[in-house]
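Architecture and fold: a report
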Amino acid sequence: MATGTLIFLVIGGAGVGVLALALLGTELLHFGHADVDGPVSVEAVAGFAGAFGFGAAIVNELLGGRTPGMIAAAAAGGALAAVPTAWLAARLSRSARNMRTDPTPTRNDLVGALGLVVTPVPADGYGEVRVRLAGQPVKLNARADRPIPLGARVFVVEALSETSVHVETY
């Protein structure tokens, strides 16, 4: 293996390592305010370095690069691969950071939910009900003014805590 190829492989490996850390959110090499990207993101630079290194190593091996001219041609081939990769890395990382998500459900979201009694609810104690919260089934402790039998459909009137509710039959 030519020395130029080895150097290009080290550059590519370092670029991929920094790109992986940046995409995982480690804020590696981040300067300034956390919400400001600057003109060029770390992900774009790391993607460029990774693609440049590996692309140049491939071209260098194909050319049998032993002279400075061949190594320069390999570097040009690496740069040709690196520009679209850097653009793609910047776009993907920006999309991931700006992805819209639903807000986290709170206990107030339980009020009005329909459910099913899975453990009978006594008049003076707690039973259990299963309701759907944000599309997910959630099992909660339930209190009621009068006893409610197993399998009855219920309506959540009040959220007593994060894990218990007051219900009525539906």
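About the thresholds
- Residues numbered from 1 in each chain as written.
- Predicted model: local features only at pLDDT ≥ 70, side-chain atom pairs only at ≥ 80, totals over all residues.
- Heavy atoms only, no water.
- Helix = DSSP H or I, 4+ residues; strand = E, 2+ residues; numbered from the N terminus.
- Contact = heavy atoms within 4.5 Å.
- Polar contact = N/O pair within 3.5 Å; in protein donor to acceptor, adjacent residues only side chain to side chain.
- Pairing = 2+ DSSP bridges.
- Patch = residues over 30% accessible without salt bridge, like charges linked within 9 Å, V, L, I, M, F, W, Y side chains within 5 Å.
- Areas by Shrake-Rupley, 256 points an atom, 1.4 Å probe, with all protein chains shown as cover.
- Salt bridge = Lys/Arg side-chain N within 4 Å of Asp/Glu carboxyl O.
- Buried < 20%, exposed > 50% of the residue type's maximum accessible area, 1.4 Å probe, protein only.

Quick word on the environment of threonine 169
- Structurally, the position occupied by threonine 169 is in strand S5 (residues 164-169).
- Residues threonine 169 and leucine 92, 77 residues apart in the sequence, show an inter-C-alpha distance of 49 Å.
- For threonine 169, the residues in contact, after removing those within four places along its chain, are Arg146, Ile148, Arg153 and Val154.

Regarding the side chain of histidine 166
- One can find histidine 166 in strand S5.
- Here the side chain of histidine 166 touches aspartate 145 through a polar contact of 3.1 Å, side chain to side chain.
- With near-sequence residues (within four places) excluded, histidine 166 lies in contact with Arg143, Ala144, Asp145, Phe155, Val156, Val157, Glu158 and Leu160.

What about the pairing of strand S4 (residues 153-159)?
- As defined by bridge partners, strand S1 (residues 114-119) adjoins S4 across three bridges and the pair is classed as antiparallel. Within S4, the position partnered with leucine 114 by the bridge is phenylalanine 155.
- Where S4 hands over to S5, the hairpin turn is made up of four residues, counted between the paired strands.

Remarks on a nonpolar patch on the surface
- On the surface, a nonpolar cluster with roughly 370 Å² of combined accessible area is contributed by Leu114, Phe155, Val157 and Tyr170.
- With respect to the helices and strands, the residue phenylalanine 155 is situated in strand S4.

Focus on the pattern of salt bridges
- Within the structure shown, the criterion is met by two salt bridges.
- Two residues, arginine 107 and glutamate 162, come together in a salt bridge whose shortest N-O distance is 4.0 Å. Highlighted residues: arginine 107 in the loop between helix H3 (68-97) and S1 and glutamate 162 in the loop between S4 and S5, separated in sequence by 55 residues.
- The class for arginine 107 is partly exposed, based on a relative accessible area of 30%.
- For glutamate 162, a relative accessible area of 54% puts it in the exposed group.
- The closest approach of N and O atoms between lysine 139 and glutamate 128, which form a salt bridge, is 3.5 Å. Highlighted residues: lysine 139 in strand S3 (residues 136-143) and glutamate 128 in strand S2 (residues 127-133), separated in sequence by eleven residues.
- Classification of lysine 139 by relative accessible area gives exposed; the value is 56%.
- For glutamate 128, a relative accessible area of 23% puts it in the partly exposed group.

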